[in-house]
Amino acid sequence: MGRMASWAASLAACLALVPCAARAQANETWPTKQVRIVVPYSAGGTTDYLGRVVAEYIGKRTGQTATVDNRTGAGGNVGADQVAKAAPDGYTLAMVTNGVMTVNQFLYRSMPFDPAKDLVPVAIVAEAPQVVVVSKDLPAKTLQEFIALAKAKPGTINYASAGVASTNHLSALQLERIAGIKMVHVPYRGAAPAVADLATNQVQMISVGVAPVIGLVEAGQLRLLAATTQKRMPLLPDLPTATEAGAPGYESTTWFGLIAPAGTPIAVIERINGLMREMIAEPDVKKRFDENYLLAWNPTPAQARKIVADEAALWGRIIKDAGIKLE
């Protein structure tokens, strides 16, 4: 090999190492300044709570301050849009529910961003399992009995939700689709009044997170029929999954994760994802999750992208079939 060829080969070898070196450097250096975590929902909710847990951990683990910035409106779109238009450097993130990435694009007639093109999932840290809950006065002790009752009397069972296109609403639509039943939707302004009316049999069913109903279940005012999860919930091991209880494939959970602007370097995404995987392995964080009936989740960035794509396809079909549109 001549001197010029040898020099070219050496240069090529060095250049091939540049991406790896850059990736390693990003992993070691991020963050070097304050991190802003946008929460596109009101303070006090689960998403806000998790955003603050994440900010606290980033600060503790890296020595750099992480702040939470609540920017509400349009089902999370207002806050998410700020992230979509931010510099793709890992210093502006958002803690969102799956609605922002998988549902809103099919609900709103006008979107300020394209979640598939303008945003990228960084880490999914937790999920809030849904449970099928019915009034104690309803003559159905199992999910199979509930489905049979709904089939025998179509349009007579009222189900509650926290509002049109809420997780409760979409989850019940999914059950109707899978089980071949027809119920009547009764939307409320939030889960609390919906659950209160369920306890007095003003409505007969809701698919909702555990925390809002567990007290009334323990008091005997409501009845759990199934969990809409792939596996049984560790905190409710005797509660069957919907698939076990007679509605195969009925799965619906709310997950919470960090998103970043599209174009954020993969090394930075992997760095943040790794920190989140470390965070949810901490005993103190696990305890805090358990107290809020949250399950830790730690998919890789690639797995998170697939989860988002699969869910978008599912909810897109359900929303289109139901003809739901929001302004």
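In what follows, the structure referred to is the one given above.
So, a few notes on the structure that sits alongside this text. (Residues numbered from 1 in each chain as written. Predicted model: local features only at pLDDT ≥ 70, side-chain atom pairs only at ≥ 80, totals over all residues. Heavy atoms only, no water.)

Points about helix α6 (residues 143-152)
Then, number 1: Residues of α6 that are buried include every one of Leu143, Phe146, Ile147, Leu149 and Ala150, and no others. Viewed along the axis of α6, the buried residues span an arc of 160°, placing them on a single side of the element. In α6, the exposed residues that point more than 90 degrees away from the buried face are Gln144 and Ala152.
Then, number 2: Buried-residue contacts for α6 involve β4 (119-135), α7 (167-179), β7 (205-209), β8 (222-227) and α10 (242-245). (Buried < 20%, exposed > 50% of the residue type's maximum accessible area, 1.4 Å probe, protein only. Helix = DSSP H or I, 4+ residues; strand = E, 2+ residues; numbered from the N terminus. Arc of directions from axis to C-beta. Contact = heavy atoms within 4.5 Å.)

Focus: the packing of helix α2 (residues 46-62) against helix α11 (residues 266-280)
Then, number 1: With their axes 11 Å apart at the nearest point, α2 and α11 run at an angle of 100° to one another. Taken as axis vectors, α2 and α11 run roughly perpendicular relative to one another. Across from Val53, Val54, Tyr57, Ile58, Arg61 and Thr62 in α2, the residues of α11 making contact are Arg271, Leu275, Met276, Glu278 and Met279.
Then, number 2: The residue inventory of the contact of α2 with α11, partitioned by class, reads seven nonpolar, one polar and three charged. (Axes fitted to C-alpha atoms, helices over the stretch in contact; angles between N-to-C directions. Parallel < 35°, antiparallel > 145°, perpendicular 65-115°, else oblique. Nonpolar A, V, L, I, M, F, W, Y, C, P; charged D, E, K, R; others polar.)

Quick look at the pairing of strand β5 (residues 158-161)
Then, number 1: Relative to strand β6 (residues 184-187), β5 is paired through four bridges, and the arrangement is parallel. Note that in β6 the partner of Ala160 across the bridge is Val186.
Then, number 2: Of the crossover connections in this fold, the one passing from β5 over α7 to the parallel β6 is right-handed. (Pairing = 2+ DSSP bridges. Right-handed = clockwise from strand over helix to strand, strands pointing away.)

Comments concerning the nonpolar core
Then, number 1: Judged by nonpolar contacts, the single largest core of 50 residues is most densely connected at Ile37, Met95, Leu258, Met276 and Met279.
Then, number 2: Per element, the largest residue contribution to this core is eight residues, and it comes from β4.
Then, number 3: Counting 33 residues, the second-largest nonpolar core is a separate cluster that includes Leu138, Ala150, Ile181 and Ile318. (Core = buried A, V, L, I, M, F, W, Y, C linked by side-chain atoms within 4.5 Å.)

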